[in-house]
Every structure is written in C-alpha cells, then in structure tokens.
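Coordinate inspection notes
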Amino acid sequence: MLATLRPPSVDSEALKAFAASVYGLVGAWNPLEGERDRNFRVLSAAGASVVFKLCHPAEGDSVLLCQAEALEHIAATDPSLPVPRLIRTRDGQPLGRFIQENISYPVMVLSWLDGQVLGEANLTSPGLYELGRMLARLGLALRGFVNGAPATRDLVWDIRHVMRLAPHVDALPPEDRALARSILARHAEVTVPAMRHMRSQIVHGDVHPYNALVASDGQIGGIIDFGDMVHGALILELANAAGDFLTPLQDPAETIFEMVRGFHSVTPLEEAEADVLVDLIEVRLLMTPLIDALKRANGIASQGYFENFNGRSLPMIHELRRIGHDRLHGLVRRAAAFPPRPPRSSSDAAELIARRRKVMGEKLYVFYKPPLHIVKGEGVWLTASDGRRYLDCYNNVPHVGHCHPYVTAAIARQAATLNTNTRYITDQAVDYAERLVDLAGDGLSSVVFVNSGSEANDLAWRMAKAFTGHTGGLAMDFAYHGVSEAIDAFSPSNSPEHWTAPHIRLLTPPDIYRGPFGADDPQVGERYAALADAPIAELQEKGLGVAAAMIDSAFMTNGILDAPQGYLAGIVDRVRRAGGLFIADEVQSGFGRMGTAFWGHRHHGVAPDFITIGKPAGNGHPVGAVITRPEILAHFLKFGPFFSTFGGNNVACAAGIAVLDVIRDENLVENARVTGTYLREGLASLMHKHALIGDVRGVGLATGVELVRDRSSKEPAPAETTRLLSLLRDEGVLIGGEGKHGNILKIRPPIVFTRAHADIAVAAVDRALNRL
C-alpha cells in the first residue's frame, strides 16, 4: 500500500524516445500532477494532445489492464460519456512497457479531453445536479464490466481498508480525535454491515474537482483518472464524490442535495443506500488527514491538490455536524424521493388520536376501541405501529393484496414518466379502456373514466336519466353505493334513521335466511323479484318512472346474501319493461371476487346497461369508470360534454392495467372460488360447537357469517358481534361487521387470500367464540 504513494522517477529523454518508438508520439511534453503515476500531456506539432501515463511498477499489470479494459468497455456502453479513450500501442497492445535500470514500468496512453480542471472553483446548483447525473451514467456504463483486479488490489483510498488507518487518529489535532474515532466506530459497526447488502460493482471511486473537467459553459465536461477503481458498493461513487466536492465557500447541504438529486434521476437510490450516504461522506473526508498522517509517518510529503483537500477535510466534518445529521439525512431522503423518517414515536396512540380529532373532526369513524394504528401493508397482512401483524380478512380495496409489488412498481414507474389528463392522447387510457371493454362484453364498449366508485355511480345515474327520460330509481334496502349527494340517495345504509329520497324506492333484499321466503321455496327467486313490482308501480304513479336500478351483485351491505337463482334476472327484466336501465355496481363484487366469473352480475346470469368500478380496480389507487353501450354515451353527450380532469390519468390507468395483469397471471378468479369455498366449509364446521353462528353464506371471497342468539327465532346478536370483532382483533385477525341489524361478520379479504390464511381465520373465529 505504501509502495505506490510516490510517483516513479525516470530519465525523461529515454521516456520520450520510448513514446516515439512504441506509440509514434512526438511533441511537446508538459508534466501533469499525479499521486502515484508520472503523467504528461504530449502536444504534437499538429496540435493534437494525448495523456502519457508512466505507471508505478508496484501497481501491477492486472490493475492497469483493468483500467484499459474499463475505458474500452465504457466506449462501447456509453460512447457519449466524456471520459478518456484508450490509445493502444503501434502493435495493438493496451499497455506499453518502458524499462530502465532493470525496472519495468507499465505505460498507458489516453486521449486528451478538452476543458479545464475544476480545481478550487465551485459548481452552480445545476452543475452539481449534472455532476450527479454523470456519476450515475458512469456507474451504469461500468455495471456490466467484470474484472477481478479491483476486488483484490491493495489501495490506500479503498474505503474497505479504512480501519487500517485508525492508528493514525492520534496524529490528528487533539480536539478532533474523539470525533474521528466515533466516525470510524460507526462505520465499522453500522455502515459496513449495511453495505454488504447493497448493490456492488466496479466504480471509479475518485471523482473529485481535480479529476473533473469543466466545459466553457461551466458544466462538467469530463471525468478523468481511473487509477483508483475498486469493486465496492455503488453508493461509494456518489459518497466519495460528494465528500470531495464540499468546499467552505458553498453550502454543503446544497452540494449534497443537488448531487443526490442528479444521481437519483438516472439511477434511483435504494433506501438503504440513501441512509448511509452522510456517514460515508464523513468517512471519505476523514480518510484525507489520516492518509496524510500515514504519509508523514513514512517520510512522504503531501503535495499539490492533496494539501487543499487535507486543509478543509476536518473543518468540513465539523460543518456537517453543525448542520446536523438529521437535517442532512432528511435532505438526502428528499433528494432520493423517500419520505422523511417520522420525527416522533408513532406508538403513542392517544397523542395521534388527539391530533386527528383536532384536524379531522371529533367523531373518529374508526374500527375498534382503542383504534389500531396501522403503518404497513403487505399482501393480506397489516402491521400496526407496535410491530404486530394482523391478517386482513376485511379490506376489499387492496384487491390483489396490500402494496402488491407489480402494481406499486407500475404506479411508481408511470408517476415518474407522465401523469396528465385525457384531453391529450396517451397510451395508458386507451390500453386500459380496451382491456375493460374486452372484459365487459354484452355490447358495453364505451368507457368513461372518473376517479372513484361514487363518481362512477353518479355518472351512470345521470346517463340513465338522460337516456330514459325518467327520474326515479331503485336501490336495495340498506344498500351502499357512494357518498355524492345523488348516490347517497341510493345508499340508505349511510344513515338508516335519516334516509329520505322521494325519487328512490327500496327493494326488499333477497335474504333466504331471514326474509319472507326461504330456500325451500322452489320459486324463491321469482317471489323476491316480484316484490319489486310495487315500488316500480309507485314510481310510475308518481310520474317519475324508472330510470335505473342500481345493485351490488354481492349484496355486501345486506350481509353478503346468497341471492336465489333468477332473482337478479327477474329484477332486471322488470326494470327494463318499465323503461329503465340496470347499473351493475361492481366496485365490491367485480374483478373476480365472486370466483365464478370476472363480474358479479355474470354470477347471476344478467347483462347490465352499465358497469361501474372504483378503487379496487386500482388496488387502492383512485380509479373509477363507467362502461356502457355506445348509444347511451352518445345520447348523454348530446346535452353537453363530459370531462373529468383526472379521470383516466396515466397513473390511474397504469394501476388498473397492472391489477388486470395480476388477476390474470396469478389466476386469482379461480383462487377466489376455491379459497372462498374452503373458508366457508371451515366456518360452517364451527356451527356444531358454537350456537351463536346462525348462517354461513357467500360466494367466492365474499362471505357472511350471521350471528344469532337463538337459531329458532333468529334473534340478531349485534352486541355479541361487536364484542367478537374485538376478540378477533386480539387474535390478530381483522373482520368487519355488517347488515341492518349489525350482526353479520363480513369477510371480504384481498383475493390473494389462500387456504393457509383461511385456516388462520377459522381457528381465530373458533378461539374468539370460545372466549365470548
């Protein structure tokens, strides 16, 4: 390691004769600075320049051949990257061989890059950003380069060997020694173990102001001197450069921020890389005075730009400490597009509840007492702030699982590319609309994008009124379809005690467990459908007519009913004979949840006039759409244009497409069918042990468990249901409550739910009922 700390000394005339013979180089020779090599600029009579490098013999041929091969690799992978090009000998060898006094010196000749060495000048903020981009480009260009020399070379500047410098801390000023030891200790205990898990490759490792050229416009115009290449964590390329570009005349926080931002724009940082960057910058700064101490201990004087670095390194560490690691870490995370780490403990639920009440209203509208503070989701699991994981058997919005990696990647990738509206022609909206039309069938070939299920239902209702000329609507008693004013009228479950809508009539739910007709009646479907005759007639008598019936095919808010065969077809037939249309609200029942088909209405064998979808279509990302017949849309647009500013935006459509891909590729419709059947069989098996279970029903991954105090009278058990939900939470399983009487367990998990998850849920219900 010490042997290469002085450049070689040879006879200059003999060197020039060698250059002329082996490379054909003749011209004026001007010395250039170098820590280990003897470097010259050779200017020919024709005005062309090259760099002649007489390399230290202790460096070893393997290291120098690696540099030569790396430069040729970069020339192939990124020809526009401004780095030197290798000039081979007259006989095509990458290295020359100069011999003097029986010592063999490797020689490398490189092209000359125009520009001025940056030196002690400062880059502007845009210049620092572009420097970060160039560092990332350099890393990309070297990504596929393989050579063993950088991994085995013994280089004093290699951060892998920094702990060898620890004995020289005692040569630092006394006031700096404790800080230096703490930096090295953290590096050994925290940063080195973290880097073992990071992206690694061959890196330049030494891009500093004297290895960087600036063009006439003040921007970085070239990177030179590949003599310190090592194999290490990719983040070292950025960390070493960021440390070396810090100067007393420029805000170090700005320097770090802009360089990280530029690097990240080309090669996105991983979160672990971002979190060690500031520590690595401090280590890089500390290495300079420690290497100076090593040199002095061995009688080697530092010279040139090294003295400038040495004079400012320790002061810059103190300046970083003055700014504060928390602020610097926050800036790095901000530049790399990572959210800030929470400044306070998230475990104080009481404090969080108080803050929420202050800004979101006194009424909490939350599950459970005390409410759960959820901080992470993955698949069918939710993680609370105390680290406990809960099996999510309730949330349908993350349809293909919380934070599905394929969907989140699609969202992030599109958000980083383009997100605008459908007044422009973009690929994603057309691609997604075509996919939806292919799935819809039944002549529904027109798609209008909005942002939620509420908006979709609102728009479908407007279209239905326009097309039919009627203003009356039909909804299921205790239904839910959204929160807009128009759709609140279709959603009596929003406020059962105060619901009123003169233009809406409610249908009796087809409840074969609790309703007036049971499963033993062979005409049960038709009998329930016939109950729609009276409300339809009433709307007609009032002069309202029937514009549309809006129905959720899974009857979720009614307790996930097993609607009898022919019921929905009977309703749709009656509505159409009355001149109305059928709106299939597929927000909850669609996209394969019911297992027997992609859409819930197909489970019932009916064809709608509208399909409406909402957030589950985007796995929780705001998505909404109406799929209808072209003539309905055309008639609606006669009354004026319709445009939703962000309906059909690129990111929403990318999310929707990704969800469709996942459902198809992971065979999730079939999974819903098989797993849902298995789940209900498990729950039904508990009935002989627990008399509280009155009925287990559903289809696919939509399951209702009705709890009663007496199976004969079917007296609802709402209090017991509420208590049971809390006990299930204690068991680590999240299930919702539903139904007009509040006595039904609603099990509606993401459709990646498996048999293993079903076993966990059934066992938890069993244990919770035992405790109850």
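Scroll up to find the structure this text is about.
Below: a short report on this structure.

Conventions and cut-offs
- Residue positions are given per chain, counting from 1 as you read along its sequence in written order.
- Per-residue local features are limited, in this predicted model, to residues with pLDDT of at least 70; the limit for side-chain atom pairs, both in listing and counting, is 80 or more; totals at the level of whole chains, interfaces and linings are taken over all residues.
- Computation of side-chain values: all heavy atoms of the structure, hydrogens and water removed.
- Each helix is a run of H or I in the DSSP string that is no shorter than four residues. Each strand is a run of E no shorter than two, and both are numbered from the N terminus.
- The globule rule used here is 2.2 Å times the number of residues to the 0.38 power, and the radius of gyration it is set against is calculated over C-alpha atoms.
- Partly exposed residues are those whose accessible area sits between 20% and 50% of the maximum for their type, while under 20% is buried and over 50% is exposed, using a 1.4 Å probe and protein chains only.
- Any two residues whose heavy atoms approach within 4.5 Å are treated as being in contact.
- In this description, accessible areas are obtained by the Shrake-Rupley approach with a 1.4 Å probe, and a residue is regarded as covered only by the protein chains that are shown.
- Charge convention: Lys and Arg are scored as positive, Asp and Glu as negative, and His as well as the terminal groups of each chain are ignored.
- By convention, the point assigned to a charge is CZ for Arg, NZ for Lys, CD for Glu and CG for Asp.
- DSSP-based pairing: two strands are paired if at least 2 bridges between them are found.
- The disulfide criterion used throughout: a pair of cysteine sulfur atoms within 2.5 Å.
- We define a polar contact as two N or O atoms separated by no more than 3.5 Å, with the added condition that, inside protein, one atom must be a possible hydrogen donor and the other a possible acceptor, whereas residues neighbouring each other in sequence contribute only through side-chain atom pairs.
- Axis definition: a line fit to C-alpha positions, over the contact stretch in the case of helices; interaxial angles, taken between N-to-C directions, run 0 to 180 degrees.
- For cavity detection a 1 Å grid was placed over the protein atoms alone, and a set of points counts as a cavity when a 1.4 Å probe fits there but cannot get out; an open set counts as a pocket when protein lies on both sides within 12 Å along at least five of seven lines, with lining residues being those that have an atom within 4 Å of a point.
- Grid points are joined across faces, edges and corners, and a volume is the space filled by probe spheres set on the points.
- Throughout, the ten residues Ala, Val, Leu, Ile, Met, Phe, Trp, Tyr, Cys and Pro are labelled nonpolar, Asp, Glu, Lys and Arg are labelled charged, and all others, Gly among them, are labelled polar.
- Roughly parallel means an angle under 35 degrees; roughly antiparallel, over 145; roughly perpendicular, 65 to 115; everything else is oblique.
- Each crossing gets its hand from how the near helix is turned against the far one by less than a right angle, where anticlockwise is left-handed and clockwise is right-handed.
- Aromatic pairs are defined between Phe, Tyr and Trp rings, using the six-membered ring for Trp, whenever the two ring centres lie within 6.5 Å; interplanar angles under 30 degrees are classed as stacked, those over 60 as edge-to-face, and all others as tilted.
- Charge-over-ring contacts are defined here by two conditions on Lys NZ or Arg CZ: a distance within 6 Å of the ring centre and an angle within 35 degrees of the ring normal.
- Put simply, a nonpolar core is a bunch of buried Ala, Val, Leu, Ile, Met, Phe, Trp, Tyr and Cys residues held in one set by side-chain atoms that sit within 4.5 Å of each other.
- Nonpolar side chains (Val, Leu, Ile, Met, Phe, Trp, Tyr) within 5 Å and like charges within 9 Å form the patches, drawn only from residues with over 30% relative accessible area and no salt bridge.
- Any carboxyl oxygen of Asp or Glu that lies within 4 Å of a side-chain nitrogen of Lys or Arg is treated as forming a salt bridge with it.

Bringing the overall build of the protein chain into the picture now. Secondary structure assignment for the protein chain yields 24 helices and 27 strands. Whereas a compact globule of 772 residues would reach a radius of gyration of roughly 28 Å, the protein chain reaches 36 Å, over 25% beyond that. The principal-axis extent of the C-alpha atoms belonging to the protein chain is close to 110 × 60 × 45 Å. Within the protein chain, the proportion of its 772 residues that are buried is 55%. Look at the contacts in the protein chain between residues 6 or more apart in sequence, and 73% of them connect residues 24 or more apart. Counting only carbon and sulfur atoms, one obtains 53% of the accessible surface of the protein chain, whose full area is about 32200 Å². Here the protein chain contributes 75 positive and 86 negative side-chain charges, whose respective centroids are spaced 3 Å apart.

Below, the discussion takes up the sheet that holds strand β7 (residues 116-117). As summarised here, the arrangement of the 3 strands in space is β7-β9-β10, forming an open sheet in which the pairing is antiparallel. One side of each edge strand has no neighbouring strand; the edge strands of this open sheet are β7 and β10 (220-223). Strand direction decides the pairing type here: strand β9 (residues 212-214) and β10, joined by 3 bridges, are antiparallel. What sits directly across from Ala212, in β10, is Ile223.

This paragraph deals with the state of the cysteines. Here the structure, examined in full by the defined rule, presents 0 disulfides. This cysteine, Cys393, is not joined by any disulfide, and Cys403 carries the nearest cysteine sulfur, 17 Å off. Take Cys393: its relative accessible area is 0%, and that puts it in the buried class.

Here His690 lies in the loop between α22 (668-684) and β22 (693-699). Spatially, the C-alpha atoms of His690 and Leu769 are 7.1 Å apart, while their sequence positions differ by 79 residues. In contact with His690, not counting residues within four places along its chain, are Arg711, Asp766, Leu769 and Asn770. Among the polar contacts listed, one links the side chain of His690 to the side chain of Asp766, at a separation of 2.7 Å.

Attention now moves to the sheet that holds strand β17 (residues 504-507). If you walk across this open sheet you meet the 7 strands as β15-β21-β20-β19-β18-β16-β17, and the pairing is mixed. In this open sheet, the two strands that pair with only one neighbour each are β15 (446-450) and β17. Going across the sheet, the axis of each strand differs from the next one's by a mean of 20°, ignoring polarity. Here strand β18 (residues 548-552) runs beside strand β19 (residues 581-585); their pairing, made up of 5 bridges, is parallel. Bridge pairing links Ala548 to Leu581 in β19.

Here we come to the pairing of strand β20 (residues 610-613). What you see with β20 is no split at all: Phe610 and Thr612 on one side and Ile611 and Ile613 on the other are buried throughout. Pairing analysis gives 3 bridges linking β19 to β20, with the strands arranged parallel. Bridge pairing links Ile583 to Phe610 in β20. Across 4 bridges, β20 lies against strand β21 (residues 624-628) in antiparallel orientation. Counterpart to Ile611 in the pairing with β21 is Ile627.

The next point concerns the layout of surface pockets. It is the rolling of a water-molecule-sized probe over the atoms that shows where space remains empty. Its boundaries defined by the atoms lining it, the second largest pocket holds a volume of some 930 Å³. The class makeup of the residues in the lining of the second largest pocket is 18 nonpolar, 12 polar and 13 charged.

Here the focus is the packing of helix α12 (residues 405-415) against helix α21 (residues 650-665). To characterise two packed helices, one gives the angle between the axes of the helices and the distance between these axes. At their nearest, the axes of α12 and α21 sit 8 Å apart, and the two run at 155° to each other. Viewed along their axes, α12 and α21 adopt a mutual orientation that is roughly antiparallel. Here α12 and α21 pass one another in a crossing that is right-handed. Where α12 abuts α21, its residues Tyr406, Val407, Ala410, Ile411, Gln414 and Ala415 lie against Asn650, Val651, Ala654, Ala655, Ala658, Val659, Asp661 and Val662. Considering only residue class, the contact of α12 with α21 consists of 11 nonpolar, 2 polar and 1 charged.

This model, assessed by the stated rule, comprises 16 aromatic pairs. Through a chain of ring-to-ring contacts, the aromatic side chains of Phe18, Phe98 and Tyr105 assemble into a single cluster. Above the ring of Phe306, the side-chain terminus of Lys295 is found at 4.3 Å from the ring centroid. It is Arg389 that lies over the ring of Trp381; its NZ or CZ is 4.5 Å from the centre.

Another point: the nonpolar core. If you look at the biggest cluster of nonpolar residues, it comprises 92 residues, and the most contacted ones within it are Ile235, Leu238, Met259, Val260, Leu269, Ile281 and Leu286. In terms of residues, this core owes the most to one element, helix α8 (residues 271-297), which gives 13 residues. With residues up to four places along the chain from it excluded, the contact list for Leu238 reads Leu135, Met259, Val260, Phe263, Leu269 and Leu277. Core analysis: the next-biggest nonpolar cluster, separate from the first, contains 61 residues, Phe598, Trp599, Val623 and Val765 among them.

Let's shift gears to the packing of helix α13 (residues 427-440) against α21. Orientation of α13 relative to α21, taken along the N-to-C sense of each, is 40°, at an axis distance of 8 Å. Judged by the inter-axis angle, α13 sits oblique to α21. Handedness of the crossing formed by α13 with α21: left-handed. Contacts between α13 and α21 involve Gln428, Ala429, Asp431, Tyr432, Arg435 and Leu439 from the first element and Asn650, Cys653, Gly656, Ile657, Leu660, Asp661 and Arg664 from the second. Class assignment for the residues of the contact of α13 with α21 results in 6 nonpolar, 3 polar and 4 charged.

Tracing the sequence through the fold places Arg181 in helix α5 (residues 174-195). Accessibility expressed as a relative area gives 42% for Arg181, which makes it partly exposed. Not counting chain neighbours up to four residues away, the residues in contact with Arg181 comprise Val169 and Asp170.

Take unusual backbone geometry next. The step from Lys369 to Pro370 runs through a cis peptide bond, and the omega angle for that step is -5°. Looking at the secondary structure, you find Pro370 in the loop between α11 (349-360) and β12 (374-378). Even without glycine at this site, Ala337 takes up a positive phi of about 65°. On the basis of relative accessible area, Ala337 is assigned to the exposed category, the value being 60%. Its identity is not glycine, yet Asn667 carries a phi of approximately 55°, on the positive side. If you trace the backbone, Asn667 turns up in the loop between α21 and α22.

Now for a negative patch on the surface. Taken together, the side chains of Asp427, Asp431, Glu434 and Asp438 make up a negatively charged region of the molecular surface. Mapped onto the elements, Asp438 comes out in helix α13.

A few words now on the pattern of salt bridges. Scanning the entire structure with this criterion turns up 46 salt bridges. A salt bridge links Arg199 to Glu270, with the nearest nitrogen and oxygen atoms 3.6 Å apart. Here the residue Arg199 occupies a position in the loop between α5 and β8 (200-203), and Glu270 occupies one in the loop between α7 (252-266) and α8, the gap between them amounting to 71 residues. Overall, the relative accessible area of 24% leaves Arg199 in the partly exposed class. The salt bridge partner of Arg664 is Asp665, with a shortest N-O separation of 2.7 Å. Comparing Arg664 with Asp665, the two get one shared label, exposed. Taken together, the shared-partner salt bridges in this structure form one network comprising Arg729, Asp730, Glu731, Arg767 and Arg771.

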